[in-house]
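Each chain is listed here by its residues.
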Amino acid sequence: MRHIISMLLENEPGALSRVAGLFSARGYNIESLTVAPTEDATVSRMTLVTSGSGEIIEQITKQLNKLVDVVKLLDITESSHVEREIMLVKVRATGDSRDEVKRLCDIFRAHVLDVTATSYIIEVTGTGEKLDAFLDVLDRRIILEVVRSGALGIGRGEKALRV
Amino acid sequence: MELSGAEIIMQFLKDEGVEIIFGYPGGAVLHIYDALYKQNYIRHILVRHEQGATHMADGYARATGKPGVVLVTSGPGATNAVTGIATAYMDSIPMVVITGQVPTNAIGSDAFQEVDCIGITRPCVKHNFLVKDVHDLAVTLKKAFYVATTGRPGPVVVDVPKDVTHPDIKIPYEYPRDITMRSYSPVTRGHSGQIRKAIDLLLGAKRPMIYTGGGVVLDDAAEELRTLTQHLGFPITNTLMGLGGYPATDRLFVGMLGMHGTYEANMAMHNCDVLLAIGARFDDRVVGDVKKFCPGAKIIHIDIDPASIAKTVKVQVPIVGSVRSVLRDMNAMLAESSREPDRAAVEQWWRQIREWQSIECLRYDRTGPRIKPQYVVQKLYEVTGGDAYIASDVGQHQMWAAQFYPFDKPRRWINSGGLGTMGFGLPAAMGVQFAHPDATVACVTGEGSIVMCIQELATAKQYGLPIKVVNLNNGYLGMVRQWQEFMYESRESHSYLDSLPDFAKLTESFGHVGVRVEKPEDVEGALRDAFAMRDRLVFLDVITDPTENVYPMMMSGKGQNEMLLSALCRDRELA
Ligand SMILES: Cc1cc2nc3c(=O)[nH]c(=O)nc-3n(C[C@H](O)[C@H](O)[C@H](O)COP(=O)(O)OP(=O)(O)OC[C@H]3O[C@@H](n4cnc5c(N)ncnc54)[C@H](O)[C@@H]3O)c2cc1C
Ligand SMILES: Cc1ncc(C[n+]2csc(CCOP(=O)(O)OP(=O)(O)O)c2C)c(N)n1
Ligand SMILES: [Mg+2]
């Protein structure tokens, strides 16, 4: 099962490597990992997507909680939540394909951020599945470059993950 | 008070109550060594190899419960310390290791004697810190001691760049008495609802079993455990790390469990209906094949580390809390309860256990002309009145020490269980002797292990430590040879130790007393003579039967009910 684990980490150098090191040392897999500071400069928020059986996920959350740099942790997939990922795609856009790509962008509510005579940079936001679907419908041959942020997530309702 | 970083370290250690540190100097820590020179409250022990320093600090910690403190230089000093740090980590031993580092402005430049100490030690410490500013030094040291000694204990490394300790930069110092860390707050009290559930299960048990580990020793909870066990009258077993947590000569004790545990302990585990696990982590050397483990048991698990619970074995009643506090709560509830354990069923259960015991699984053949290692340990027990601190190395001799020296008190049995570090024994014994100068301290070792830290004999001479080293010299990496005999059709690939030194002479050259013992009839006398020399280190090189194996044994892939017994016992099992 896929799980999204959200963490507040002490904003210390080395905190990230502790998390990454834990996953490699214990053989857990990381699908994606994003980390950035929050409105509170002393903590950063990490969103980590992993998968495994119930027992493995339980060990992962316990081991993460044990890290001294982890202030708070929540498996947001345990309850109702919102998940978003952002993707930038650079495509070759010449001749007929310029219109075709534009049409697809409209359907996916994607934006063209940059235009040159021969290329577009497109921004798409959504769940990982939606981004996958967008890539699927694009003609493989015109894709020049893809960059994805990895998933971000947040639980619904008033309850908040904060210090 | 205005102090330099180096002086802050000294003053802090004093304020923290540290009396002794184990270390070895080098460029990056010279400011600290200079501050050390100018004070007289911290005793520094100059070792001969940084691994020795960490094992000494570790032995000191195991014998006292206080954190062991180490000071080493950057680069090779730090890397030499890693084995000892990992050893302490695996056995949850509180330790603070201060490592020198190149100056902050040189970090990352491949400077002389630079290693990424934080990176190298990260997977084998409870936590580590790099101090980049002298203003953070005292608070960081406080955090290090706090993290090392609370919750599930463990080693903490504090990496200190040289400029942070510079004598010219003085800042105000105040001892940070209290510390709170929002990201670290270990639980102590167990959940009372869970404890009640546990009591219910225990009182209803027909074939109960108590299985306790290092957590009881680490938390100084032997007394609480004794009260509980005596009240219940249940059989109890200890892990290798838990020996001494319950008095081994008590009638309720059925011996160690696991790979080289007793037949009765393992059989009782396998057949029990309620298992109470206390401060033990269901290690693979205990459990054997997980799929075959305790098939009919409901399991209660008390542990301070939530990650230890349900890591390998599913449990029905998890209790997160410190052993001592949870056992106190349990004892209080039991005292108030009008319910008694099911004495009739438990008596029936004991009859079964006594039958298993009648196999006498630890019997060995003493008839030959060669010295049997088990016999040496039995004599060691007699000669020391069963009241010595025994440090051990790793191998067959370690298992025989565990099997044949019944420990009645905690913190008496000092060994590397989790990492199994050869070379641990001698420096660990020295750490114990530093902590308890008047106590009887022995190191049971093998000719393979002892040479891995033998240089510390010089340290022992310098500080006049009267340790007794009992070298069970079988000429082999015996534990390896045993596995090769059982699993590789006796192909003894590189387990025979050619060109051994004359250990007696070697020891003499360090300034100690060395004695070689070759005949069974000389063993007891040699031990008595050695322990009579109260102020000398005596090294007994005891030449033992090289063919002897450790029995019983739970082979890999087997369950606890499938132990391999020695030939002597096998026929009894069938009967
Ligand atoms: C050659 C060799 C052979 C071995 N054979 C055996 C064998 O036959 N049998 C055997 O048992 N072992 C054997 N071992 C040792 C084995 O590898 C493990 O080290 C050992 O079994 C672990 O012991 P433990 O479960 O008591 O855990 P420890 O490593 O002592 O861990 C302690 C547990 O207690 C918890 N704890 C710590 N403090 C507290 C507290 N205050 N409150 C509550 N909980 C706390 C910790 O979180 C942890 O889960 C062998 C080792 C070697 C080298
Ligand atoms: C540093 C280290 N290297 C290798 C091993 C693997 N090992 C475990 S027991 C053992 C043999 C130990 O030999 P010795 O000290 O003579 O003890 P014996 O088994 O003969 O009693 C070895 C090599 C280890 N535990 N530690
Ligand atoms: Mg040997």
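These lines cover the structure that appears in this document, whether it is placed above or below. (Residues numbered from 1 in each chain as written. Chains lettered and ligands numbered in written order. Predicted model: local features only at pLDDT ≥ 70, side-chain atom pairs only at ≥ 80, totals over all residues. Heavy atoms only, no water.)

So, the overall build of chain A
What chain A contains, in helices and strands, is four helices and nine strands. Overall, chain A shows an N-to-C arrangement of helices and strands of β-α-β-β-α-β-β-α-β-β-α-β-β. Across its three principal axes, chain A shows a C-alpha extent of roughly 55 × 35 × 30 Å. Counting all 163 residues of chain A, 42% fall into the buried class. Relative to all contacts within chain A whose residues are 6 or more apart in sequence, the contacts with residues 24 or more apart total 73%. (Helix = DSSP H or I, 4+ residues; strand = E, 2+ residues; numbered from the N terminus. Buried < 20%, exposed > 50% of the residue type's maximum accessible area, 1.4 Å probe, protein only. Contact = heavy atoms within 4.5 Å.)

Re the overall build of chain B
Secondary structure assignment for chain B yields 22 helices and 20 strands. Taking 2.2 N^0.38 as the reference for a compact globule, 575 residues should give roughly 25 Å; the C-alpha atoms of chain B span a radius of gyration of 24 Å, in line with that estimate. Referenced to the eigenvectors of the C-alpha coordinate spread, the extents of chain B come out at roughly 80 × 60 × 40 Å. The buried share among the 575 residues of chain B stands at 59%. Long-range pairs, those at least 24 residues apart, make up 76% of the contacts in chain B between residues at least 6 apart in sequence. If you sum the accessible surface of chain B, you get close to 22100 Å²; carbon and sulfur atoms cover 50% of it. Averaging the coordinates of the 57 positive side-chain charges in chain B and doing the same for the 65 negative ones gives two points 4 Å apart. (Rg over C-alpha atoms; globule rule 2.2 N^0.38 Å. Areas by Shrake-Rupley, 256 points an atom, 1.4 Å probe, with all protein chains shown as cover. Lys, Arg positive; Asp, Glu negative; His and termini not counted. Charge placed at Lys NZ, Arg CZ, Asp CG, Glu CD.)

Side note on the site of ligand 2
Residue and element names in this part refer to chain B. In the vicinity of ligand 2, 17 residues are found, and the nearest of them are Gln396, Gly420, Ser449, Tyr476 and Gly478. In this structure, an oxygen atom belonging to ligand 2 sits 3.0 Å away from a side-chain N or O atom of Glu447. Contacts to ligand 2 include Tyr476, whose backbone N or O atom sits 2.8 Å from an oxygen atom. Contact with the protein chains covers 76% of the free accessible surface of ligand 2, which is 590 Å². Here the shell around ligand 2 is composed, by residue class, of seven nonpolar, nine polar and one charged. (Near = heavy atom within 4 Å. Polar contact = N/O pair within 3.5 Å; in protein donor to acceptor, adjacent residues only side chain to side chain. Nonpolar A, V, L, I, M, F, W, Y, C, P; charged D, E, K, R; others polar.)

Re the coordination of the magnesium ion (ligand 3)
Residues and elements named next belong to chain B. In this structure, Glu447 (OE), Glu447 (OE), Asn474 (OD1) and Tyr476 (O) serve as the protein donors to the magnesium ion (ligand 3), at separations of 2.1 to 2.6 Å. For the magnesium ion (ligand 3), the six donor atoms in the first shell make angles of 52 to 177° at the metal, a pattern classed as irregular. Donor residues binding the magnesium ion (ligand 3) come from one chain and are separated in sequence as E-x26-N-x1-Y. Placement of Glu447 in helix H17 (residues 447–450) and of Asn474 in the loop between strand S18 (468–473) and helix H19 (478–487) is noted, with a sequence separation of 27 residues between them. (Donors = N, O, S within 2.8 Å, 3.2 Å for Na, K, Ca; no water. Tetrahedral: all angles 85-135°; square planar, octahedral: opposite > 155°, others 65-115°.)

Some words on helix H13 (residues 343–357) of chain B
All names here are of chain B. For H13, with 15 residues, the first-to-last C-alpha span of 20 Å sits near the 21 Å given by 1.5 Å per residue. Of the positions making up H13, those classed as buried are Ala345, Val346, Trp349, Trp350, Ile353 and Trp356. When H13 is viewed along its axis, its buried side chains cluster within an angular range of 140° and face the same direction. Opposite the packed face of H13, turned more than 90 degrees from it, sit the exposed residues Ala344 and Glu355. Contacts from the buried residues of H13 go to strand S9 (208–212), strand S11 (253–256) and helix H10 (263–271). (Expected span 1.5 Å × (residues − 1). Arc of directions from axis to C-beta.)

Description of the site of ligand 1
Residue and element names in this part refer to chain B. The full set close to ligand 1 counts 37 residues, and Gly214, Thr239, Arg281, Asp303 and Ser308 are the nearest of them. A distance of 3.2 Å separates a nitrogen atom of ligand 1 from a polar backbone atom of Ile304. Of all elements in the fold, only helix H8 (214–218), helix H11 (284–287) and helix H15 (396–404) reach the threshold of two or more residues within the shell around ligand 1. At three residues, the largest contribution of residues to the shell around ligand 1 is made by H8.

Quick notes on the interface of chain A and chain B
Contacts between chain A and chain B engage 20 residues on the former and 18 residues on the latter. Regarding the contact of chain A and chain B, the summed buried area is about 1500 Å², with carbon and sulfur atoms giving 48% of it. There are three salt bridges connecting chain A and chain B. In this structure, Arg182 of chain B and Glu10 of chain A form a salt bridge, with 2.8 Å as the shortest nitrogen-oxygen distance. Here chain A is connected to chain B by nine residue pairs in polar contact (both at pLDDT 80 or more). Elements with a contribution of two residues or more to the side of chain A that touches chain B: helix H1 (15–25), helix H2 (54–66) and strand S4 (70–75) of chain A. The greatest single-element share of the side of chain A that touches chain B, amounting to six residues, is contributed by H2 of chain A. Broken down by class, the residue content of the side of chain A that touches chain B amounts to six nonpolar, five polar and nine charged. (Buried area = accessible area lost by both parts, 1.4 Å probe. Salt bridge = Lys/Arg side-chain N within 4 Å of Asp/Glu carboxyl O.)

Overview of the packing of helix H9 (residues 222–232) of chain B against helix H12 (residues 323–336) of chain B
Residue and element names in this part refer to chain B. The contact between H9 and H12 brings their axes to 9 Å, and the two run at 35°. H12 is crossed by H9, and the crossing has left-handed handedness. Taken together, the residues of H12 that come into contact with H9 (itself represented by Glu224, Leu225, Thr227, Leu228, His231 and Leu232) are Arg324, Leu327, Arg328, Met330, Asn331 and Leu334. Residues belonging to the contact of H9 with H12 are distributed by class as follows: six nonpolar, three polar and three charged. (Axes fitted to C-alpha atoms, helices over the stretch in contact; angles between N-to-C directions. Left-handed = near helix turned anticlockwise from the far one by under 90°.)

Considerations on the sheet that holds strand S7 (residues 155–161) of chain B
In a beta sheet, neighbouring strands are held together by backbone hydrogen bonds and run either parallel or antiparallel to one another. Residues and elements named next belong to chain B. Strand order in the open sheet made by the six strands is S3-S2-S4-S5-S7-S6, with parallel pairing throughout. Of all the strands in the sheet, the pair left with one neighbour each is strand S3 (43–46) and strand S6 (127–130). Across this sheet, the average inter-strand angle for adjacent strands is 20°, counted without regard to direction. Sheet analysis places strand S2 (residues 20–23) next to strand S4 (residues 68–72), joined by two bridges and oriented parallel. Bridging across to S4, Phe22 finds its partner in Val70. Relative to the sheet, helix H4 (residues 76–90) contacts S4, strand S5 (95–101) and S7, its axis offset from that of S5 by approximately 165°. (Pairing = 2+ DSSP bridges.)

Notes on the packing of aromatic side chains
Residues and elements named next belong to chain B. What the rule picks out here adds up to 18 aromatic pairs over all chains. Ring geometry for Tyr364 against Phe404: centres 5.7 Å apart, planes inclined by 90°, an arrangement best described as edge-to-face. Remark: Phe404 occurs in helix H15 and Tyr364 occurs in the loop between H13 and helix H14 (373–383); sequence separation between them is 40 residues. Exposure class is identical for Tyr364 and Phe404. Each is buried. Aromatic pair Phe407 and Trp413: ring centres 5.4 Å apart, planes at 40°, arrangement tilted. As far as the burial class goes, Phe407 and Trp413 line up, both buried. Aromatic rings pair up to connect Phe22, Tyr60, Phe434 and Tyr463 into one cluster. When the ring centre of Tyr389 is taken as origin, the NZ or CZ atom of Arg412, which lies over that ring, is 4.3 Å away. (Phe/Tyr/Trp six-rings, centres within 6.5 Å; stacked < 30°, edge-to-face > 60°. Lys NZ or Arg CZ within 6 Å of the ring centre and 35° of its normal.)

Looking at unusual backbone geometry
Residues and elements named next belong to chain B. Residue Pro552 is reached from Tyr551 by a cis peptide bond, and omega for that bond is -15°. The topology assignment puts Pro552 in the loop between strand S20 (538–543) and helix H22 (567–574). In this structure, Asp110 takes a positive phi of about 55° despite not being glycine. One can find Asp110 in the loop between S5 and helix H5 (117–121). Non-glycine residue Glu360 carries a positive phi angle of around 50°. Along the chain, Glu360 turns up in the loop between H13 and H14.

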